[in-house]
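Residues per chain, in single letters:
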Amino acid sequence: MPYTKRRRLVSSAVAVALGATALAACGSSSDDDGAASGPVTLTYWSWAPGMDKVVDLWNKGPGKEQQITVTVKKQASGDTLVTKILTAHKAGKAPDLVQAEYQALPTLVSNDALADISGEVGDAKKEFADGVWQQTTLGTDAVYAVPQDIGPMMFFYREDLFEKYKLTVPTTWDEFADTARKLKKAAPGKDLTTFSANDSGLFAGLAQQAGAQWWTTSGDTWKVGINDAATKKVAEFWGGLVEEGAIDNQPMYTPAWNKALDTGQQIAWVSAVWAPGTLTTAAPATKGKWAMAPLPQWTKGENRTGSWGGSSTAVTTDSTHKDAAATFAAWLNTDARALNALAKESGIYPASTAAQTSGAFAAPPEFFANQPDFYTKAAEIAETTAPSAWGPNVNVAYTTFKNAFGAAAKNKSDFTAALDAMQEDTVADLKKQGFGVAE
(Lines give C-alpha, C1' and ligand atoms only; values in the text may rest on other atoms or scores of the structure.)
Protein backbone atom coordinates (compact mmCIF):
# COMPACT_ATOMS: atom_id res chain seq x y z
CA MET A 1 0.00 0.00 0.00
CA PRO A 2 1.57 3.36 -1.04
CA TYR A 3 0.36 5.05 2.11
CA THR A 4 3.43 7.26 2.62
CA LYS A 5 2.70 9.19 -0.59
CA ARG A 6 -0.76 9.94 0.66
CA ARG A 7 0.10 10.60 4.27
CA ARG A 8 0.66 14.34 4.08
CA LEU A 9 -2.85 14.83 2.69
CA VAL A 10 -4.44 13.07 5.65
CA SER A 11 -4.61 14.65 9.10
CA SER A 12 -3.47 12.61 12.07
CA ALA A 13 -7.01 12.57 13.43
CA VAL A 14 -8.42 11.17 10.20
CA ALA A 15 -5.62 8.62 9.90
CA VAL A 16 -6.31 7.35 13.41
CA ALA A 17 -10.03 7.20 12.73
CA LEU A 18 -9.47 5.11 9.62
CA GLY A 19 -7.20 2.77 11.53
CA ALA A 20 -6.96 -0.91 10.68
CA THR A 21 -9.97 -0.84 8.38
CA ALA A 22 -8.26 1.57 5.98
CA LEU A 23 -5.02 -0.37 6.13
CA ALA A 24 -6.82 -3.60 5.34
CA ALA A 25 -8.62 -2.02 2.42
CA CYS A 26 -5.36 -0.71 1.02
CA GLY A 27 -3.75 -4.07 1.49
CA SER A 28 -6.37 -5.82 -0.60
CA SER A 29 -5.91 -3.23 -3.34
CA SER A 30 -2.13 -3.61 -3.37
CA ASP A 31 -2.34 -7.38 -3.58
CA ASP A 32 -3.81 -6.94 -7.01
CA ASP A 33 -4.77 -10.09 -8.86
CA GLY A 34 -5.11 -8.34 -12.21
CA ALA A 35 -2.32 -10.52 -13.55
CA ALA A 36 -4.01 -13.70 -12.37
CA SER A 37 -5.60 -16.06 -14.86
CA GLY A 38 -9.30 -15.93 -15.51
CA PRO A 39 -11.77 -13.15 -16.32
CA VAL A 40 -12.03 -9.94 -14.28
CA THR A 41 -15.25 -7.93 -13.84
CA LEU A 42 -15.06 -4.27 -12.80
CA THR A 43 -17.78 -1.87 -11.70
CA TYR A 44 -17.61 1.79 -12.75
CA TRP A 45 -19.74 4.52 -11.15
CA SER A 46 -20.27 7.38 -13.59
CA TRP A 47 -22.80 10.14 -14.24
CA ALA A 48 -21.75 10.90 -17.83
CA PRO A 49 -24.59 10.26 -20.30
CA GLY A 50 -23.97 7.45 -22.76
CA MET A 51 -21.03 6.07 -20.79
CA ASP A 52 -22.39 2.54 -21.18
CA LYS A 53 -22.05 2.87 -24.98
CA VAL A 54 -18.45 4.01 -24.64
CA VAL A 55 -17.60 1.19 -22.26
CA ASP A 56 -19.19 -1.26 -24.68
CA LEU A 57 -16.34 -0.47 -27.09
CA TRP A 58 -13.92 -1.65 -24.42
CA ASN A 59 -15.87 -4.78 -23.58
CA LYS A 60 -16.03 -5.83 -27.25
CA GLY A 61 -12.42 -4.86 -28.02
CA PRO A 62 -9.46 -4.57 -25.63
CA GLY A 63 -11.49 -5.79 -22.68
CA LYS A 64 -12.48 -8.97 -24.49
CA GLU A 65 -8.87 -9.65 -25.41
CA GLN A 66 -7.67 -9.06 -21.86
CA GLN A 67 -10.69 -10.73 -20.22
CA ILE A 68 -11.58 -7.52 -18.37
CA THR A 69 -15.27 -6.63 -18.41
CA VAL A 70 -16.51 -3.28 -17.14
CA THR A 71 -20.07 -2.65 -15.99
CA VAL A 72 -21.30 0.95 -15.73
CA LYS A 73 -23.64 1.91 -12.91
CA LYS A 74 -25.21 5.34 -13.55
CA GLN A 75 -24.96 7.75 -10.62
CA ALA A 76 -25.87 11.27 -9.62
CA SER A 77 -23.03 13.78 -9.84
CA GLY A 78 -21.48 16.31 -7.45
CA ASP A 79 -21.57 16.00 -3.68
CA THR A 80 -24.21 13.27 -3.87
CA LEU A 81 -21.79 10.89 -5.58
CA VAL A 82 -18.89 11.80 -3.28
CA THR A 83 -21.04 11.00 -0.25
CA LYS A 84 -22.14 7.70 -1.78
CA ILE A 85 -18.55 6.71 -2.56
CA LEU A 86 -17.39 7.48 0.98
CA THR A 87 -20.33 5.60 2.49
CA ALA A 88 -19.58 2.55 0.35
CA HIS A 89 -15.88 2.79 1.15
CA LYS A 90 -16.50 2.79 4.90
CA ALA A 91 -18.21 -0.56 4.38
CA GLY A 92 -15.37 -1.77 2.15
CA LYS A 93 -17.75 -1.96 -0.80
CA ALA A 94 -16.80 0.93 -3.07
CA PRO A 95 -16.79 0.12 -6.81
CA ASP A 96 -13.55 -0.52 -8.69
CA LEU A 97 -13.73 2.77 -10.59
CA VAL A 98 -15.42 6.12 -10.05
CA GLN A 99 -15.87 9.28 -12.06
CA ALA A 100 -14.66 12.11 -9.84
CA GLU A 101 -14.59 15.86 -10.34
CA TYR A 102 -11.13 17.32 -9.80
CA GLN A 103 -12.20 19.32 -6.75
CA ALA A 104 -13.53 16.11 -5.14
CA LEU A 105 -10.22 14.25 -5.33
CA PRO A 106 -8.73 15.66 -2.08
CA THR A 107 -11.86 14.66 -0.16
CA LEU A 108 -11.69 11.11 -1.50
CA VAL A 109 -7.93 10.86 -1.00
CA SER A 110 -8.02 12.21 2.55
CA ASN A 111 -10.54 9.47 3.35
CA ASP A 112 -8.20 6.88 1.79
CA ALA A 113 -10.82 5.98 -0.82
CA LEU A 114 -8.59 6.30 -3.91
CA ALA A 115 -5.62 4.16 -4.87
CA ASP A 116 -2.30 5.53 -6.08
CA ILE A 117 -2.06 4.31 -9.69
CA SER A 118 1.17 6.08 -10.60
CA GLY A 119 2.86 2.73 -11.27
CA GLU A 120 0.12 1.72 -13.71
CA VAL A 121 -0.70 4.97 -15.56
CA GLY A 122 2.35 7.19 -15.05
CA ASP A 123 3.23 7.07 -18.76
CA ALA A 124 -0.11 8.71 -19.58
CA LYS A 125 1.19 12.04 -18.23
CA LYS A 126 2.48 13.03 -21.68
CA GLU A 127 -1.08 12.98 -23.03
CA PHE A 128 -2.18 15.92 -20.87
CA ALA A 129 -1.25 19.54 -20.20
CA ASP A 130 0.81 19.96 -17.02
CA GLY A 131 -1.87 22.01 -15.28
CA VAL A 132 -4.43 19.30 -15.97
CA TRP A 133 -2.26 16.37 -14.88
CA GLN A 134 -1.35 18.23 -11.68
CA GLN A 135 -4.98 18.11 -10.58
CA THR A 136 -4.82 14.32 -10.33
CA THR A 137 -1.56 14.23 -8.37
CA LEU A 138 -2.49 16.83 -5.74
CA GLY A 139 1.10 18.03 -5.87
CA THR A 140 2.56 14.67 -4.79
CA ASP A 141 4.41 11.84 -6.54
CA ALA A 142 1.21 9.82 -6.49
CA VAL A 143 -1.43 9.70 -9.24
CA TYR A 144 -4.98 9.34 -8.00
CA ALA A 145 -6.89 9.44 -11.28
CA VAL A 146 -6.61 9.84 -15.05
CA PRO A 147 -7.96 13.14 -16.40
CA GLN A 148 -11.10 12.72 -18.50
CA ASP A 149 -12.63 16.08 -19.40
CA ILE A 150 -11.71 19.68 -18.71
CA GLY A 151 -13.32 23.11 -18.85
CA PRO A 152 -10.69 25.70 -19.82
CA MET A 153 -12.15 29.18 -19.43
CA MET A 154 -12.59 31.62 -22.31
CA PHE A 155 -14.29 34.87 -23.28
CA PHE A 156 -17.40 34.65 -25.46
CA TYR A 157 -18.84 37.74 -27.08
CA ARG A 158 -21.44 38.85 -29.63
CA GLU A 159 -19.27 39.66 -32.62
CA ASP A 160 -22.00 41.66 -34.35
CA LEU A 161 -22.78 43.82 -31.32
CA PHE A 162 -19.13 44.47 -30.54
CA GLU A 163 -18.86 45.81 -34.07
CA LYS A 164 -22.07 47.84 -33.74
CA TYR A 165 -20.92 49.57 -30.56
CA LYS A 166 -17.30 49.85 -31.75
CA LEU A 167 -15.98 47.70 -28.91
CA THR A 168 -12.59 45.99 -28.92
CA VAL A 169 -12.22 42.46 -27.55
CA PRO A 170 -10.45 42.95 -24.19
CA THR A 171 -7.08 41.28 -23.67
CA THR A 172 -6.69 42.43 -20.05
CA TRP A 173 -9.15 42.74 -17.18
CA ASP A 174 -8.61 46.51 -17.12
CA GLU A 175 -9.68 46.59 -20.76
CA PHE A 176 -12.64 44.38 -19.84
CA ALA A 177 -13.79 46.94 -17.25
CA ASP A 178 -13.34 49.78 -19.75
CA THR A 179 -15.35 47.84 -22.34
CA ALA A 180 -18.19 47.35 -19.86
CA ARG A 181 -18.25 51.10 -19.14
CA LYS A 182 -18.07 52.04 -22.80
CA LEU A 183 -21.02 49.80 -23.64
CA LYS A 184 -23.05 51.16 -20.72
CA LYS A 185 -22.43 54.69 -21.96
CA ALA A 186 -23.35 53.86 -25.57
CA ALA A 187 -26.36 51.68 -24.68
CA PRO A 188 -27.53 52.19 -21.05
CA GLY A 189 -30.02 49.33 -21.31
CA LYS A 190 -27.36 46.76 -22.16
CA ASP A 191 -24.71 45.01 -20.06
CA LEU A 192 -21.43 43.48 -21.11
CA THR A 193 -22.12 40.55 -18.77
CA THR A 194 -23.28 39.67 -15.25
CA PHE A 195 -21.59 38.59 -12.05
CA SER A 196 -23.37 35.42 -11.02
CA ALA A 197 -23.18 34.11 -7.47
CA ASN A 198 -24.98 30.84 -8.21
CA ASP A 199 -22.00 28.94 -9.64
CA SER A 200 -18.96 28.77 -7.38
CA GLY A 201 -16.92 27.07 -10.09
CA LEU A 202 -16.82 30.26 -12.18
CA PHE A 203 -15.33 32.31 -9.36
CA ALA A 204 -12.92 29.52 -8.43
CA GLY A 205 -11.68 29.38 -12.02
CA LEU A 206 -11.15 33.14 -12.13
CA ALA A 207 -9.18 32.96 -8.88
CA GLN A 208 -7.16 30.04 -10.27
CA GLN A 209 -6.20 32.13 -13.30
CA ALA A 210 -5.07 34.94 -10.98
CA GLY A 211 -2.72 32.55 -9.15
CA ALA A 212 -4.83 31.67 -6.11
CA GLN A 213 -3.93 28.67 -3.96
CA TRP A 214 -7.02 28.04 -1.86
CA TRP A 215 -5.77 24.88 -0.16
CA THR A 216 -2.15 23.83 0.35
CA THR A 217 -0.51 21.27 2.62
CA SER A 218 2.55 21.13 4.83
CA GLY A 219 3.21 17.83 6.55
CA ASP A 220 -0.05 16.75 8.18
CA THR A 221 -1.65 20.20 8.14
CA TRP A 222 -3.74 22.16 5.69
CA LYS A 223 -3.40 25.88 5.02
CA VAL A 224 -6.46 27.69 3.66
CA GLY A 225 -5.83 30.73 1.47
CA ILE A 226 -9.25 31.50 0.05
CA ASN A 227 -8.87 35.17 0.96
CA ASP A 228 -5.31 35.37 -0.40
CA ALA A 229 -4.10 38.39 -2.36
CA ALA A 230 -4.87 36.83 -5.75
CA THR A 231 -8.48 36.04 -4.86
CA LYS A 232 -9.01 39.41 -3.17
CA LYS A 233 -7.92 41.03 -6.42
CA VAL A 234 -10.58 39.06 -8.30
CA ALA A 235 -13.28 39.79 -5.70
CA GLU A 236 -12.51 43.51 -5.60
CA PHE A 237 -12.52 43.71 -9.40
CA TRP A 238 -15.94 42.11 -9.88
CA GLY A 239 -17.39 43.72 -6.78
CA GLY A 240 -16.33 47.11 -8.04
CA LEU A 241 -18.00 46.58 -11.43
CA VAL A 242 -21.23 45.47 -9.75
CA GLU A 243 -21.21 48.36 -7.29
CA GLU A 244 -20.79 50.99 -10.01
CA GLY A 245 -23.43 49.34 -12.20
CA ALA A 246 -21.04 48.67 -15.09
CA ILE A 247 -22.29 45.07 -15.28
CA ASP A 248 -25.41 43.23 -14.15
CA ASN A 249 -25.64 41.42 -10.80
CA GLN A 250 -28.24 38.75 -11.67
CA PRO A 251 -27.57 34.98 -11.51
CA MET A 252 -27.06 32.82 -14.56
CA TYR A 253 -29.17 29.92 -15.82
CA THR A 254 -32.50 31.62 -15.17
CA PRO A 255 -35.20 32.47 -17.73
CA ALA A 256 -34.26 36.15 -17.32
CA TRP A 257 -30.59 35.39 -18.05
CA ASN A 258 -31.50 33.31 -21.09
CA LYS A 259 -33.63 36.17 -22.40
CA ALA A 260 -30.84 38.69 -21.81
CA LEU A 261 -28.47 36.60 -23.94
CA ASP A 262 -31.04 35.79 -26.61
CA THR A 263 -32.12 39.42 -27.09
CA GLY A 264 -28.66 40.97 -26.88
CA GLN A 265 -29.28 42.69 -23.56
CA GLN A 266 -26.08 40.96 -22.40
CA ILE A 267 -23.45 40.74 -25.11
CA ALA A 268 -20.64 38.70 -23.55
CA TRP A 269 -20.08 35.78 -21.22
CA VAL A 270 -17.01 34.66 -19.27
CA SER A 271 -17.40 30.91 -19.52
CA ALA A 272 -15.65 27.69 -20.54
CA VAL A 273 -15.20 25.52 -23.60
CA TRP A 274 -18.61 23.92 -23.09
CA ALA A 275 -20.40 27.28 -23.54
CA PRO A 276 -21.65 26.56 -27.10
CA GLY A 277 -23.91 23.83 -25.77
CA THR A 278 -25.43 26.17 -23.19
CA LEU A 279 -25.90 28.98 -25.70
CA THR A 280 -27.66 26.62 -28.08
CA THR A 281 -30.55 26.28 -25.64
CA ALA A 282 -30.27 29.60 -23.77
CA ALA A 283 -29.94 31.91 -26.78
CA PRO A 284 -31.05 30.03 -29.92
CA ALA A 285 -31.76 33.23 -31.87
CA THR A 286 -28.08 34.22 -31.70
CA LYS A 287 -26.61 31.25 -33.53
CA GLY A 288 -23.60 32.24 -35.64
CA LYS A 289 -23.29 35.65 -33.98
CA TRP A 290 -20.83 34.73 -31.23
CA ALA A 291 -17.05 34.42 -31.22
CA MET A 292 -14.59 33.06 -28.69
CA ALA A 293 -11.31 34.59 -27.48
CA PRO A 294 -8.83 33.89 -24.67
CA LEU A 295 -9.72 35.05 -21.19
CA PRO A 296 -8.52 38.59 -20.41
CA GLN A 297 -5.25 38.63 -18.45
CA TRP A 298 -4.28 40.46 -15.28
CA THR A 299 -1.03 41.64 -16.83
CA LYS A 300 -0.66 42.43 -20.52
CA GLY A 301 1.32 39.70 -22.25
CA GLU A 302 0.43 36.95 -19.76
CA ASN A 303 -1.13 33.81 -21.15
CA ARG A 304 -3.03 31.58 -18.75
CA THR A 305 -6.54 30.51 -17.97
CA GLY A 306 -8.54 28.88 -15.21
CA SER A 307 -10.80 25.82 -15.19
CA TRP A 308 -14.55 25.63 -14.79
CA GLY A 309 -15.56 22.01 -14.47
CA GLY A 310 -13.97 18.75 -15.45
CA SER A 311 -13.65 15.23 -14.11
CA SER A 312 -11.39 12.20 -13.96
CA THR A 313 -11.48 8.41 -13.69
CA ALA A 314 -10.14 7.01 -10.42
CA VAL A 315 -9.52 3.55 -8.98
CA THR A 316 -10.70 2.94 -5.43
CA THR A 317 -8.71 1.33 -2.64
CA ASP A 318 -11.49 -1.25 -2.29
CA SER A 319 -10.80 -2.69 -5.73
CA THR A 320 -9.02 -6.03 -5.74
CA HIS A 321 -8.18 -5.56 -9.43
CA LYS A 322 -6.14 -2.37 -9.32
CA ASP A 323 -4.01 -3.17 -12.40
CA ALA A 324 -7.02 -4.06 -14.52
CA ALA A 325 -8.97 -1.00 -13.36
CA ALA A 326 -6.05 1.33 -14.06
CA THR A 327 -5.61 -0.19 -17.52
CA PHE A 328 -9.23 0.58 -18.33
CA ALA A 329 -9.01 4.12 -16.89
CA ALA A 330 -6.00 4.88 -19.10
CA TRP A 331 -7.70 3.44 -22.20
CA LEU A 332 -10.92 5.37 -21.59
CA ASN A 333 -9.13 8.72 -21.46
CA THR A 334 -6.29 8.31 -23.99
CA ASP A 335 -7.54 5.97 -26.72
CA ALA A 336 -8.66 7.88 -29.84
CA ARG A 337 -11.72 5.72 -30.43
CA ALA A 338 -12.81 5.97 -26.80
CA LEU A 339 -12.36 9.75 -26.77
CA ASN A 340 -14.38 10.17 -29.97
CA ALA A 341 -17.14 8.12 -28.40
CA LEU A 342 -16.99 10.17 -25.19
CA ALA A 343 -17.38 13.34 -27.26
CA LYS A 344 -20.32 11.92 -29.20
CA GLU A 345 -22.16 10.08 -26.45
CA SER A 346 -21.24 12.09 -23.35
CA GLY A 347 -20.60 15.54 -24.81
CA ILE A 348 -17.25 15.95 -23.07
CA TYR A 349 -14.31 18.14 -24.06
CA PRO A 350 -11.34 15.76 -23.64
CA ALA A 351 -8.46 16.39 -21.29
CA SER A 352 -6.19 14.53 -23.74
CA THR A 353 -4.42 17.18 -25.82
CA ALA A 354 -4.26 14.98 -28.93
CA ALA A 355 -8.04 14.61 -28.99
CA GLN A 356 -8.83 18.31 -28.73
CA THR A 357 -8.38 19.04 -32.44
CA SER A 358 -9.18 15.68 -34.02
CA GLY A 359 -12.19 13.45 -34.54
CA ALA A 360 -15.27 15.13 -33.12
CA PHE A 361 -13.27 18.35 -32.64
CA ALA A 362 -11.91 18.75 -36.15
CA ALA A 363 -14.84 21.05 -37.02
CA PRO A 364 -16.21 23.90 -34.86
CA PRO A 365 -19.40 23.58 -32.81
CA GLU A 366 -22.45 24.12 -35.01
CA PHE A 367 -23.41 27.19 -32.98
CA PHE A 368 -19.97 28.67 -33.78
CA ALA A 369 -19.79 27.64 -37.44
CA ASN A 370 -18.65 31.20 -38.18
CA GLN A 371 -15.39 30.49 -36.26
CA PRO A 372 -13.68 27.56 -38.06
CA ASP A 373 -10.66 27.62 -35.75
CA PHE A 374 -12.78 27.36 -32.57
CA TYR A 375 -11.25 24.10 -31.34
CA THR A 376 -7.75 24.99 -32.50
CA LYS A 377 -7.94 28.11 -30.34
CA ALA A 378 -9.56 26.15 -27.51
CA ALA A 379 -6.70 23.63 -27.50
CA GLU A 380 -4.14 26.43 -27.35
CA ILE A 381 -5.98 28.00 -24.44
CA ALA A 382 -6.31 24.66 -22.63
CA GLU A 383 -2.52 24.28 -22.68
CA THR A 384 -2.25 27.45 -20.57
CA THR A 385 -4.38 26.12 -17.68
CA ALA A 386 -2.98 27.37 -14.37
CA PRO A 387 -2.37 24.89 -11.53
CA SER A 388 -5.22 24.46 -9.07
CA ALA A 389 -5.25 23.79 -5.35
CA TRP A 390 -8.28 21.92 -4.03
CA GLY A 391 -8.95 20.74 -0.49
CA PRO A 392 -11.06 18.18 1.38
CA ASN A 393 -14.03 20.48 2.02
CA VAL A 394 -14.67 22.28 -1.25
CA ASN A 395 -18.39 21.78 -0.70
CA VAL A 396 -18.31 23.99 2.41
CA ALA A 397 -16.43 26.78 0.63
CA TYR A 398 -18.81 26.61 -2.33
CA THR A 399 -21.92 26.73 -0.12
CA THR A 400 -20.65 29.81 1.70
CA PHE A 401 -19.78 31.42 -1.64
CA LYS A 402 -23.35 31.10 -2.85
CA ASN A 403 -24.72 32.53 0.38
CA ALA A 404 -22.21 35.31 1.07
CA PHE A 405 -21.53 36.37 -2.52
CA GLY A 406 -25.20 35.99 -3.38
CA ALA A 407 -26.09 38.56 -0.74
CA ALA A 408 -23.18 40.84 -1.68
CA ALA A 409 -24.08 40.78 -5.37
CA LYS A 410 -27.75 41.46 -4.67
CA ASN A 411 -26.99 44.34 -2.29
CA LYS A 412 -23.96 45.61 -4.25
CA SER A 413 -21.97 45.40 -1.04
CA ASP A 414 -18.36 44.48 -0.19
CA PHE A 415 -17.19 41.33 -1.98
CA THR A 416 -14.07 41.04 0.20
CA ALA A 417 -16.23 40.59 3.29
CA ALA A 418 -17.96 37.71 1.52
CA LEU A 419 -14.54 36.27 0.72
CA ASP A 420 -13.54 36.46 4.40
CA ALA A 421 -16.71 34.55 5.26
CA MET A 422 -15.67 31.77 2.86
CA GLN A 423 -12.25 31.63 4.53
CA GLU A 424 -13.65 31.50 8.05
CA ASP A 425 -16.27 28.84 7.33
CA THR A 426 -13.79 26.63 5.46
CA VAL A 427 -11.18 26.78 8.25
CA ALA A 428 -13.79 26.14 10.94
CA ASP A 429 -15.11 23.10 9.07
CA LEU A 430 -11.63 21.61 8.60
CA LYS A 431 -10.99 21.92 12.32
CA LYS A 432 -14.38 20.43 13.12
CA GLN A 433 -13.55 17.43 10.95
CA GLY A 434 -10.30 16.89 12.85
CA PHE A 435 -7.85 18.12 10.24
CA GLY A 436 -4.72 19.96 11.32
CA VAL A 437 -4.93 23.54 10.09
CA ALA A 438 -2.01 25.95 9.90
CA GLU A 439 -2.95 29.49 10.88
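The name an unreviewed UniProt entry assigns to the chain is Multiple sugar transport system substrate-binding protein, from the organism Streptomyces albogriseolus.

**Notes on the overall build of the chain**
A count of helices and strands for the chain gives 19 helices and 10 strands. For 439 residues, the compact-globule estimate of 2.2 N^0.38 gives 22 Å, and the C-alpha radius of gyration of the chain, at 22 Å, lies within 12% of that figure. Each of the three principal axes of the chain carries a C-alpha extent, and together these read 70 × 50 × 35 Å. Within the span of the chain, comprising 439 residues, buried residues form 56% of the whole.

**Re helix α17 (residues 374–382)**
Considered for burial, the residues of α17 that qualify are F374, Y375, A378, A379, I381 and A382. The buried residues of α17 occupy an angular sector of 160 degrees when projected down its axis, which confines them to one face.

**Some details on empty space enclosed by the protein**
Considering all chains together, one arrives at four cavities of 30 Å³ or more under this definition. Approximately 80 Å³ is the volume attributed to the largest cavity. Forming the walls of the largest cavity are A204, A207, Q208, A212, Q213, W214, S388, A389 and W390. Looking at side-chain class alone, the lining of the largest cavity contains six nonpolar, three polar and no charged residues.

**Overview of the environment of H321**
For H321, the position within the fold is in the loop between β9 (307–315) and α15 (322–334). By relative accessible area, H321 is classed as buried at 14%. Sequence-wise, H321 and I68 are 253 residues apart; in three dimensions their C-alpha atoms are separated by 9.8 Å.

Thresholds applied
Residues numbered from 1 in each chain as written. Predicted model: local features only at pLDDT ≥ 70, side-chain atom pairs only at ≥ 80, totals over all residues. Heavy atoms only, no water. Helix = DSSP H or I, 4+ residues; strand = E, 2+ residues; numbered from the N terminus. Rg over C-alpha atoms; globule rule 2.2 N^0.38 Å. Buried < 20%, exposed > 50% of the residue type's maximum accessible area, 1.4 Å probe, protein only. Arc of directions from axis to C-beta. 1 Å grid on protein atoms, 1.4 Å probe; cavity = no way out; pocket = protein on both sides within 12 Å on 5 of 7 lines; lining within 4 Å. Points joined across faces, edges and corners; volume = space filled by probe spheres on them. Nonpolar A, V, L, I, M, F, W, Y, C, P; charged D, E, K, R; others polar.

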